[in-house]
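So you can see what is in the structure, the chains are spelled out below.
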Amino acid sequence: MSFTATVFTLFPEMFPGPLGHALSGKALQTGQWACDAVNIRDYTENKHNKVDEVPYGGGAGLVMSAQPIDAALDAHAGKPGRLVLMTPRGRPMDQALCRELATEPGVRILCGRYEGIDQRLIDKHEPLEVSVGDYVLSGGEVGALVMLDAIIRLLPGVMGNDLSGTDESFEGGLLEYPHYTRPAEWQGRTVPSVLLSGNHEAIARWRADKAIEITTARRPDLLDTEQAAVDETVSKERKRP
Ligand code: ADE
């Protein structure tokens, strides 16, 4: 079963872009997901294919007109998935949202440009408004690529080793513990000896402790909001064989 991403944008050539490479690129090639970029400009009804206008009330910048976006959405009404609007005003994207979207048959993503989109289009279609962070991008496209990357790797069968996703940052409400690989000594730096001990219980405990330590130091907000998830992760780590 394939996941369909339909992206409504003024810059369709930006898709699949980086998602055509590496893990998501392979998944695209093997049909685990499909990427359909719709050019909003193709749906204008004015002579010069204008997609924006000056804002009512004055001010700097241009506002994307409702008409071409509405027509583009209507022309692709059969495409699966929730309608998401990329905007700095949206709900902050997190791993839980990506996990949720990855269980759905697809997603329809609307990318804004300029100062924003005519509010009446948003009121009519009621998209889920999502932000990829507290900074302003020049448009929603890069945000859409970020969101799709995070979703695609979670699609069933996309990650080679399905377990590799369960321990990583955010999955248990914590940032991930540090990793080491061969050689055991590199430029005079050694690997924590517990990782060489073969004692799986001690390794699990060390990793759980490190995850808490790093999260406490870097993102105490995650601990505050996810205390229950933390407790669960710690007890799971401690029980691991
Ligand atoms: N468009 C512009 N800035 C954005 C952001 N931070 N997140 C999502 N879409 C955006």
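That block above? That's the structure.
None of these values were measured; they are calculated from a predicted model.

J.: How should I be thinking about the state of the cysteines in this particular structure?
T.: Should the sulfur atoms of two cysteines be covalently bonded, the bond is a disulfide. Applying the stated criterion to the full structure yields zero disulfides. With no disulfide of its own, Cys98 lies 15 Å from the sulfur of Cys111, the closest cysteine sulfur. According to the relative accessible area criterion, Cys98 is buried, its value standing at 2%. With no disulfide of its own, Cys111 lies closest to Cys35 among cysteine sulfurs, the gap being 10 Å.

J.: Just checking my understanding: could you explain the side chain of Glu168 for this structure?
T.: Along the polypeptide, Glu168 turns up in the loop between helix 5 (140-152) and strand 8 (185-186). Overall, Glu168 belongs to the buried group, its relative accessible area being 12%. A polar contact is formed between the side chain of Glu168 and the side chain of Arg153, at a distance of 2.7 Å. Residues contacting Glu168, with those up to four places away along its chain left out, are Gln95, Arg153, Leu174 and Glu176.

J.: What's the story with the site of the ligand in this structure? I'm lost.
T.: The immediate surroundings of the ligand are formed by Met86, Thr87, Pro88, Val130, Ser131, Val132, Gly133, Tyr135, Val136, Leu137, Gly139 and Gly140. Note that a nitrogen atom of the ligand is positioned 3.2 Å from one of the backbone N or O atoms of Thr87. Val132 has a polar backbone atom sitting 3.0 Å from a nitrogen atom of the ligand. When atoms are counted within 2 Å of each cavity's grid points, the one that captures over half of the ligand is the second largest pocket. Secondary-structure elements contributing two or more residues to the shell around the ligand are strand 5 (82-92) and strand 7 (128-131). Here the shell around the ligand takes three residues from strand 5, the largest share from any one element. Looking at the shell around the ligand residue by residue, the class counts come to seven nonpolar, five polar and no charged.

J.: Mind showing me how you'd approach the layout of surface pockets here?
T.: If a probe the size of a water molecule is rolled over the atoms, the empty space left behind becomes visible. Estimates place the volume of the second largest pocket at around 470 Å³. Around the second largest pocket, the lining is made up of 25 residues, and of these Met86, Thr87, Pro88, Glu115 and Gly116 lie nearest the centre. Contributing elements (two or more residues each) for the lining of the second largest pocket: strand 5, helix 4 (119-125), strand 7 and helix 5. In terms of residues, the lining of the second largest pocket owes the most to one element, strand 5, which gives five residues. Taken together, the residues of the lining of the second largest pocket sort by class into 12 nonpolar, 10 polar and three charged.

About the thresholds
- Residues numbered from 1 in each chain as written.
- Predicted model: local features only at pLDDT ≥ 70, side-chain atom pairs only at ≥ 80, totals over all residues.
- Heavy atoms only, no water.
- Disulfide = S-S within 2.5 Å.
- Buried < 20%, exposed > 50% of the residue type's maximum accessible area, 1.4 Å probe, protein only.
- Helix = DSSP H or I, 4+ residues; strand = E, 2+ residues; numbered from the N terminus.
- Polar contact = N/O pair within 3.5 Å; in protein donor to acceptor, adjacent residues only side chain to side chain.
- Contact = heavy atoms within 4.5 Å.
- Near = heavy atom within 4 Å.
- 1 Å grid on protein atoms, 1.4 Å probe; cavity = no way out; pocket = protein on both sides within 12 Å on 5 of 7 lines; lining within 4 Å.
- Sits in = over half its atoms within 2 Å of the grid points.
- Nonpolar A, V, L, I, M, F, W, Y, C, P; charged D, E, K, R; others polar.
- Points joined across faces, edges and corners; volume = space filled by probe spheres on them.

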